[in-house]
Amino acid sequence: MKRTMPPTRRHVALALLAATTLAALTACGTSGASSGGAKAASTLGPNEGTVSILAWPGYVEDGSNDPAVDWVTPFENDTGCQVTSKTYGTSDEGFSLMKTGDYDVIAASGDASLRLVAADLVAPVNTDLIPNYAGVYDFLKMQSWNSVNGVSYGVPHGYGANLLMYNTDVVSPAPTSWDVVFDKGSAYKGKITAYDSPIYIADAAMYLMTHQPDLKITNPYALDEQQLAAAVTLLTEQRANIGEYWSDYLKTIQSFESGDTVVGTTWQVIANSLTAGTPTAVTVPSEGVTGWSDTWMIASKAKSPNCAYAWLNYIASPEANAQATEYFGEAPSNQAACEFRSAGSCEAYHAGDADYASKIWYWSTPIAECLDGRTDVKCTDYAAWTTAWQQIKG
Amino acid sequence: MSDTAAPAQQRVPAPRQSLARRGSAFFSAHPRLRLGFLISAPLLWLGIVYVVALAALLVTAFWSVDSFTGEISQTWTFDNIVTVLTGSLYQTVTVRTVGVALLVTVIDVLIALPIAFFMAKVAGSRMQRVLVIAVLMPLWASYLVKAYAWRSVLSQDGILQWLLTPFGGSTPGYGLTATVITLSYLWLPYVILPIYAGLERVPDALLEASGDLGGKTWTTLRLVTLPLIWPAIIAGSIFSFSLSLGDYLTVNIVGGANQMLGNLVYTNVGAANNLPLAAAIALIPIAIIFGYLALVRRTGALDNL
């Protein structure tokens, strides 16, 4: 290995010289994982003056996209921390960007958060230093996707469900089960859509929990080889009926509007974005839904840890949390946030409805150590899911 | 200074021995070094941007990645190459991709031949200029705009459906057919232009001579024109074939649930965070296109690019 690779610094310099993404990416790989497990901060120092944030689109708005949407400027004025932010499109892209070490804070979904912890990219968070943490719904705290071994790795942001959307003109009677996209899918052959990500395997696993109880799936993110194989079989059968997979939410909006897609997975924000008069409706099928609960995390090598803590506290405040989650289209994490959102918007996302929230299987990173607590088998990890997902798409 | 003080002794003042002058005298005496000096900057650029990037790609394919943390481990392994060569997924997708690329190439050549012939041999000089601009025009628009335009054309409530309904037809919808249509549209200018350039170079006298000797239109085209422009056709086909092999956006936009080699590369870099496997997959189109180039090298097509 020594013989084949030049020293990291020279390699990085070479990559910069080459100015190609590819070379740059390989250089990232050489910087190596430093283990050692960063410790949570015990006290806060003075703010550093800048903080760089990596987030989903719509989470960090400073008025540059829309002058009316700005919750970053008040933060900058209050704390003196100038915010630079970058958005990412998929959890996997966010994970790759975090590896560059250029960011102090990331808003990560559950399918990325455990990987970030395992790769030592994020540090434990001392929630005692975040006064607004007290206002966060209890059912979002210390969950499997934002804590490890009882140590918190961040502050919950917003949450939402991957709902079933259908064209009310075509799909009748109104579906109450995911079987319209699985077992009864052939009725809408070529007009079904599904989320284009390995994490969608969990949707199939969740369906199997109800319809094939002998598989004994208790958590759709903890699948052993046999359970994964069953989910893959279901999804491979579904593949024949899929019109297209979506990951770009604008593509699925257009597809539902034009009638090319009549039934499939969706987000509430997509339903909200359809032009008026599109004959569609969303529902929570009887089997339940998968969903996401995002977490604000701090990089283990943050250059501005104090400003990072200041941001975590600010974005969890009722006002900022209300603005950010309403703009994105999801339920807020702060109990008081609904007072600051427009009328009806909290009800639309079932904010604070613990019963509704309990129906959601939040995205979690599948890992070899089964998330459902089984110790007699090894579970399939995210890499296995990724391989399986590519096989399913064929 | 004392030299310049006594100029009378010299008819021509001795040139000052500056570094530049000495350098130029040296290069004047060594033409090969002179050439090397001149092209070193562009060569450096070419070397770093092309060769190093490609080498980095090739090397990455022999590494592996930690599935959970996503760290690349630089131990040499042939696992990725073996996976790509033996995995049924990669074979299926390779066959599909090559099939689409071949179909796109055939369609483009069939459309390009009459258009290029008209441009080169039939149209007047003014018309010729207008046609060249017309062919080039789509290249001035963004690739994405054109692909998304086809997405709306091919949609269930798109213009194609509206046009075909009276005749009992319907849009192919999103899928491989849509991919072939869109790619054929996108690469058509790249096929027309080399064939047009090739036809331009065919002397009219040869066609007339063929006619004088009793050759009918088809005989002339088959025995005189086609052999002469064959390298130009191959040159055009290299464009449509290689561009289709690497494409992933079009199939993403209008391909429905299908994927091509480019998509596998894309998901392995983006979703799977597995750069080594992506690099190994990227070697497939590289190998195919190198094979194709080796095959057509003797036709002289490469001189027509």
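Residues numbered from 1 in each chain as written. Chains lettered and ligands numbered in written order. Predicted model: local features only at pLDDT ≥ 70, side-chain atom pairs only at ≥ 80, totals over all residues. Heavy atoms only, no water.

### A word on the confidence of the model for chain A
Caution applies to low-pLDDT regions: their predicted coordinates should not be interpreted in detail. In the predicted model, chain A carries a mean pLDDT of 86, and 90% of its residues have values of at least 70. Low confidence marks residues 1-36 of chain A, where pLDDT is under 50. Its contacts with residues over four positions away, or in another chain, come to 43 contacts. (pLDDT = per-residue confidence, 0-100. Contact = heavy atoms within 4.5 Å.)

### Notes on helix 4 (residues 79-86) of chain B
All names here are of chain B. Of the positions making up helix 4, those classed as buried are Asn80, Ile81 and Val84. Each buried residue of helix 4 lies within a common arc of 100° when the element is viewed along its axis, so the set occupies one face. When the buried face of helix 4 is taken as reference, the exposed residues oriented beyond 90 degrees from it are Asp79 and Thr86. Residues of helix 4 that are buried in the fold lie against helix 5 (88-122) and helix 14 (275-296). (Buried < 20%, exposed > 50% of the residue type's maximum accessible area, 1.4 Å probe, protein only. Helix = DSSP H or I, 4+ residues; strand = E, 2+ residues; numbered from the N terminus. Arc of directions from axis to C-beta.)

### Comments concerning the nonpolar core
Core analysis: the biggest nonpolar cluster contains 116 residues, and Ile201, Val263, Trp296 and Trp311 of chain A have the highest contact counts within it. The greatest single-element share of this core, amounting to eight residues, is contributed by helix 10 (residues 305-315) of chain A. Excluding its chain neighbours within four sequence positions, the residues that come into contact with valine 263 of chain A are Leu164, Met165, Tyr166, Val171, Val180, Val181, Tyr188, Lys191, Ile192, Thr193 and Phe256 of chain A. Residues Val109, Ala112, Val191 and Ile192 of chain B belong to the second largest nonpolar core, which totals 18 residues. (Core = buried A, V, L, I, M, F, W, Y, C linked by side-chain atoms within 4.5 Å.)

### Thoughts on the packing of aromatic side chains
Applying the stated criterion across every chain yields a total of 32 aromatic pairs over all chains. An angle of 40° between the planes, with centres 5.8 Å apart, marks the rings of phenylalanine 62 of chain B and tryptophan 76 of chain B as tilted. Residue phenylalanine 62 of chain B is located in the loop between helix 3 (31-60) and strand 1 (64-65), and its partner tryptophan 76 of chain B is located in the loop between strand 2 (72-73) and helix 4; the two are separated by 14 residues in the primary sequence. Arranged with centres 6.1 Å apart and planes meeting at 40°, the rings of tyrosine 143 of chain B and tryptophan 187 of chain B form a pair that is tilted. Remark: tryptophan 187 of chain B occurs in helix 9 (residues 176-200) and tyrosine 143 of chain B occurs in helix 7 (residues 143-154); sequence separation between them is 44 residues. The buried category is assigned to tryptophan 187 of chain B, whose relative accessible area is 7%. Members of the aromatic cluster, each reached through a chain of ring pairs, are Tyr59, Phe75, Tyr195, Trp246, Trp267, Trp292, Trp296, Trp311, Tyr314, Phe328 and Trp363 of chain A. Positioned above the aromatic ring of tyrosine 382 of chain A, the side-chain terminus of arginine 115 of chain A is 4.3 Å from the ring centre. One cation-aromatic arrangement involves lysine 141 of chain A over tyrosine 133 of chain A; the distance from NZ or CZ to the ring centre is 4.7 Å. (Phe/Tyr/Trp six-rings, centres within 6.5 Å; stacked < 30°, edge-to-face > 60°. Lys NZ or Arg CZ within 6 Å of the ring centre and 35° of its normal.)

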